[in-house]
Amino acid sequence: MSTDGLRGKRVLLTGGRAPAALEMARLLAAAGCEVIAAESTRHHLCRVSRSVKRSCRVPSPAADPAAFADALEEIIAQEGIHSLIPTCEELFFVAASRERLGSQCAVFTAPLAQLQRLHSKAEFIRTAGRLGFNVPMTVRISKPEEWRDFAHSSSFRDMLSSGGCVLKPEYSRFAAKVRIATSRQELAEAASELGTGHYPWVAQQYIGGREICTYSIVHDGKVTAHAAYASELSAYGGASVYFEPLRHPAAQAWAARFAELERFTGQLAFDLIEQEDGSLMPIECNPRTTSGIHLLAGNPGIAEALLLPQASSASAPVEPRPDKRVMLALPMLAAGLSGRLRGKPGRHWLPRWLGAGDATFRWSDPRPALEQLLLARELQRTARRRGLSLIEAATCDIEWNGRELV
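Overview of the structure. Keep in mind that this is a model prediction, so the values were computed, not measured.

1. Quick notes on the overall build of the protein chain
Move 1: A tally of helices and strands in the protein chain yields 17 helices and 19 strands.
Move 2: In terms of overall dimensions, the protein chain is globule-like: its C-alpha atoms have a radius of gyration of 21 Å, near the 22 Å expected for 406 residues.
Move 3: Dimensions of the protein chain, computed from the C-alpha atoms along their principal axes, are close to 60 × 45 × 45 Å.
Move 4: Within the protein chain, the fraction of its 406 residues that count as buried is 55%.
Move 5: Looking at the protein chain alone, contacts between residues at least 24 apart form 68% of all its contacts between residues at least 6 apart.
Move 6: Approximately 17500 Å² of the protein chain is accessible, and the part contributed by carbon and sulfur atoms is 51%.
Move 7: Each charge sign in the protein chain was given a centre, from 48 positive and 43 negative side chains, and these centres are 4 Å apart.

Have a look at this one:
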């Protein structure tokens with residue numbers, strides 16, 4: 001597919017700290033776009049990439065949403081931006097100002113109310129059930145006393161009989177703080193610890209099987225690019241660090257049907273469980289860029305799938321090459337050497353590490369790989385200062401946990 005329609009198009013990317021954002025910057029630059037990055041951290045991967053024309057530091061959207069929107073509006077005007085693509089959880093703050101920013105350029109995100117339904121681990125399951133999908137039993141726990149009520153409920157008994165109960169914050173990322181209770185005693189122990197923290201939580205029926213992650217680019221319900229991979233190796237709370245494409249027609253059909261029924265526009269990722277009988281059960285939704293973008297990079301048509309939906313909608317979705325193998329090399333190496341790499345078979349991680357390409361390093365663009373170390377140091381300082389884990393510090397200035405945004 002020709003990229004003539006993209007040459008010279010100016011794209012503003014937010015969330016430049018993430019390897020997925022760097023991947024997007026590189027694929028857009030390769031298609032002839034001029035990429036501008038906006039980030040609230042001092043150090044981030046896109047800051048030093050040759051694929052990025054200019055990097056702008058902006059206020060933390062979580063700390064000051066209004067100042068963040070003002071900064072984006074100023075960048076859009078100064079740089080003559082054609083399209084704004086949020087990549088990480090600053091997405092929700094962009095969506096809150098979607099009408100305002102959209103008067104100046106195209107904003108590739110769904111409305112905030114729709115995003116909230118999908119970001120919430122309780123509302124997403126309700127939405128999927130309402131649309132006709134089979135879903136796991138899911139209960140929202142929003143008050144301390146509801147832990148006791150849930151412990152004596154038929155829902156909890158049903159969850160125990162089917163394998164257990166998964167406990168997680170309603171708004172969370174990277175599988176952080178997930179617990180599994182297989183008895184009332186384990187639930188009571190979790191409640192005594194979790195019940196003093198932030199609310200709400202979600203209690204969800206444990207579903208056994210293979211975890212499949214999907215990532216799609218969607219315009220008005222039409223999928224223009226799609227990737228799927230099995231969650232095989234993870235580290236630091238459950239985030240996948242190794243990716244190889246999985247050809248899974250049922251998962252692709254599931255994602256396409258959901259996108260169509262929701263009339264969604266933006267980036268849409270699902271965590272699905274494939275049960276023994278082959279049926280799929282949804283667990284979570286991430287309506288933003290995920291690591292699936294790494295599997296699509298380098299394919300003809302991927303930039304058009306993002307920015308030229310009219311040209312892409314008439315053809316089949318862009319999919320990964322079957323021989324693609326990608327990893328987050330630094331965290332995969334660190335977790336593997338320290339014994340904190342989880343997966344099956346986790347003991348065979350080294351051959352995969354040696355056989356996959358790094359999502360960050362390129363000989364033609366080496367500086368982002370070094371920038372990882374500076375970013376990690378900055379996040380460690382934030383973690384110490386605020387009493388957070390490193391994984392929490394990675395998103396604390398951009399994450400959105402359902403609070404009202406004006």
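From this point, the discussion proceeds with the structure in view.
2. Topic: helix H6 (residues 121-130)
Move 1: Where H6 is concerned, the buried positions are Lys121, Ala122, Phe124, Ile125, Thr127 and Ala128.
Move 2: Once H6 finishes, Gly132 follows within two positions and takes phi at roughly 105 degrees, a positive value.

3. Section: the environment of Ile293
Move 1: Take Ile293: it is sitting in helix H11 (residues 292-296).
Move 2: Here Ile293 is in contact with Ala20, Glu23, Met24, Leu27 and Tyr215, once residues within four sequence places are set aside.

4. What to know about the sheet that holds strand E6 (residues 138-141)
For sheets, the rule is that strands pair by backbone hydrogen bonds, running either parallel or antiparallel.
Move 1: Spatially, 4 strands are ordered E6-E9-E7-E8 in an open sheet, and the strand pairing comes out antiparallel. Looking at which strands have only one partner, the edges of the open sheet turn out to be E6 and strand E8 (179-181). Here the strands of the sheet are splayed against their neighbours by 25 degrees on average, with no regard to which way each runs.
Move 2: In the sheet, strand E7 (residues 165-169) pairs with E8 via 3 bridges, with the strands oriented antiparallel. Bridge pairing links Cys165 to Ala181 in E8.
Move 3: In the packing of H6 onto the sheet, contacts are made with E6, E7 and strand E9 (201-205), and the angle to E6 comes to roughly 145 degrees.

5. A closer look at the pattern of salt bridges
Side chains bearing opposite charge may pair, as long as their charged atoms lie close to each other.
Move 1: Tallying each qualifying case throughout the model produces 23 salt bridges.
Move 2: Two residues, Lys53 and Glu34, come together in a salt bridge whose shortest N-O distance is 3.3 Å. One end of the pair, Lys53, is in strand E3 (residues 52-57); the other, Glu34, is in strand E2 (residues 34-39), with 19 residues separating them in the sequence.
Move 3: Classification of Glu34 by relative accessible area gives partly exposed; the value is 28%.
Move 4: Across the pair Glu284 and Lys168 runs a salt bridge whose closest N-O atoms are separated by 3.2 Å. Here the residue Glu284 occupies a position in strand E16 (residues 280-286), and Lys168 occupies one in strand E7, the gap between them amounting to 116 residues. The exposure classification of Glu284 matches that of Lys168, with both residues buried.
Move 5: One salt-bridge network, held together by shared partners, links Arg10, Glu34, Lys53, Arg54 and Glu79.

6. Here's the deal with the pairing of strand E4 (residues 83-86)
Looking along a regular strand, one sees side chains alternate from face to face of the sheet.
Move 1: Burial along E4 is two-sided: Ser83 and Ile85 facing one way and Leu84 and Pro86 facing the other are all buried.
Move 2: Bridge count between strand E1 (residues 10-14) and E4: 4 bridges; the pairing is parallel. The residue of E4 that forms the bridge with Leu13 is Ile85.
Move 3: Bridge analysis of E4 against strand E5 (residues 106-107) gives 2 bridges, and the strand direction is parallel. Each bridged residue has a counterpart across the sheet, and for Ser83 the counterpart in E5 is Ala106.

7. Quick word on the packing of H6 against helix H10 (residues 249-262)
Move 1: Direction vectors running N to C along H6 and H10 enclose 90 degrees, while the axes themselves pass 11 Å from each other. The pairing of H6 with H10 is recorded here as roughly perpendicular in orientation. Contacts between H6 and H10 pair Phe124, Thr127, Ala128 and Arg130 from the former with Trp254, Phe258 and Glu262 from the latter.
Move 2: By residue class, the composition of the contact of H6 with H10 is 4 nonpolar, 1 polar and 2 charged.

8. With respect to the pairing of strand E15 (residues 266-274)
Move 1: The buried count for E15 comes to 9 of 9 residues, which makes it a mostly enclosed element.
Move 2: Relative to E16, E15 runs antiparallel, the two being bridged by 6 bridges. When the sheet's bridge partners are listed, Phe270 is paired in E16 with Cys285.
Move 3: If you look at the hairpin formed by E15 and E16, you'll find 5 residues sitting between the two strands, and Gly278 has a positive phi there, around 90 degrees.

9. Topic: the packing of aromatic side chains
Move 1: The tally for this structure, following the rule as stated, stands at 13 aromatic pairs.
Move 2: Taken together, the ring pairs in this structure connect Phe124, Phe133, Trp254, Phe258 and Phe270 into an aromatic cluster.

10. Observations regarding a positive patch on the surface
Move 1: Together, Arg42, Arg57, Arg377, Arg381 and Arg384 give the surface a local cluster of positive charge.
Move 2: When residues in the positive patch are grouped by element, the largest group, 3 residues, is from helix H16 (residues 367-386).
Move 3: Position of Arg57 among the secondary structure elements: in strand E3.

11. Points about helix H14 (residues 329-338)
Move 1: Inspection of H14 places Ala329, Met332, Ala335 and Gly336 among the buried residues, and these make up the whole buried set. Seen end-on, H14 carries its buried residues on one side only, within an arc spanning 145 degrees.
Move 2: Those residues of H14 that are buried lie in contact with strand E12 (233-235), strand E14 (242-243), strand E17 (326-327), helix H15 (349-355) and strand E19 (357-358).
Move 3: Just downstream of H14, Gly339 is the residue with a positive phi angle, here 80 degrees.

12. Some words on a nonpolar patch on the surface
Move 1: A surface patch of nonpolar side chains, about 250 Å² in accessible area, is lined by Val178, Ile180 and Tyr206.
Move 2: Relative to the helices and strands, Tyr206 resides in the loop between E9 and strand E10 (210-219).
Move 3: On the accessibility criterion, Tyr206 (36% relative accessible area) is partly exposed.

Rules of the game
All residue numbers here refer to positions counted from 1 along the written sequence of the relevant chain. Local features in a predicted model are, by the rule used here, given only for residues with pLDDT of at least 70; side-chain atom pairs are given and counted only at 80 or more, and totals for whole chains, interfaces and linings are based on all residues. With hydrogens and water excluded, all non-hydrogen atoms of the structure serve as input to the side-chain values. Helical segments are the DSSP runs of H or I of at least four residues, strand segments are the runs of E of at least two, and each set is numbered from the N terminus. Here the globule rule reads 2.2 Å times residues to the power 0.38, and the radius of gyration is calculated from C-alpha atoms. Exposed residues in this analysis have more than 50% of their type's maximum accessible area, buried residues have under 20%, and partly exposed residues fall in between, with area computed by a 1.4 Å probe over protein chains only. We call two residues in contact when some of their heavy atoms are within 4.5 Å. The method behind every accessible area is Shrake-Rupley, applied with a 1.4 Å probe, and residues are considered shielded solely by the protein chains displayed. In summary, the charge assignment counts Lys and Arg as positive and Asp and Glu as negative, without counting His or the chain termini. Lysine's charge is taken at NZ, arginine's at CZ, aspartate's at CG and glutamate's at CD. Only strands joined by at least two bridges in the DSSP assignment are considered to pair. Interaxial angles span 0 to 180 degrees and are taken between N-to-C directions of axes, which are lines fitted to C-alpha atoms, for helices over the stretch in contact. Whenever a carboxyl oxygen of Asp or Glu lies within 4 Å of a side-chain nitrogen of Lys or Arg, that contact is scored as a salt bridge. Throughout, the term roughly parallel applies to angles under 35 degrees, roughly antiparallel to angles over 145, roughly perpendicular to angles from 65 to 115, and oblique to all others. Each residue is assigned to one class: nonpolar for Ala, Val, Leu, Ile, Met, Phe, Trp, Tyr, Cys and Pro, charged for Asp, Glu, Lys and Arg, and polar for all the others, Gly among them. Only centres within 6.5 Å qualify two rings of Phe, Tyr or Trp (six-membered ring in Trp) as a pair; their planes then separate them into stacked at under 30 degrees, edge-to-face at over 60, and tilted for everything else. Within this analysis, patches are made of residues with over 30% relative accessible area and no salt bridge. Like charges are joined at 9 Å or less; nonpolar side chains (Val, Leu, Ile, Met, Phe, Trp, Tyr) at 5 Å or less. In this description, the arc belongs to the directions extending from the helix axis to the C-beta atoms.

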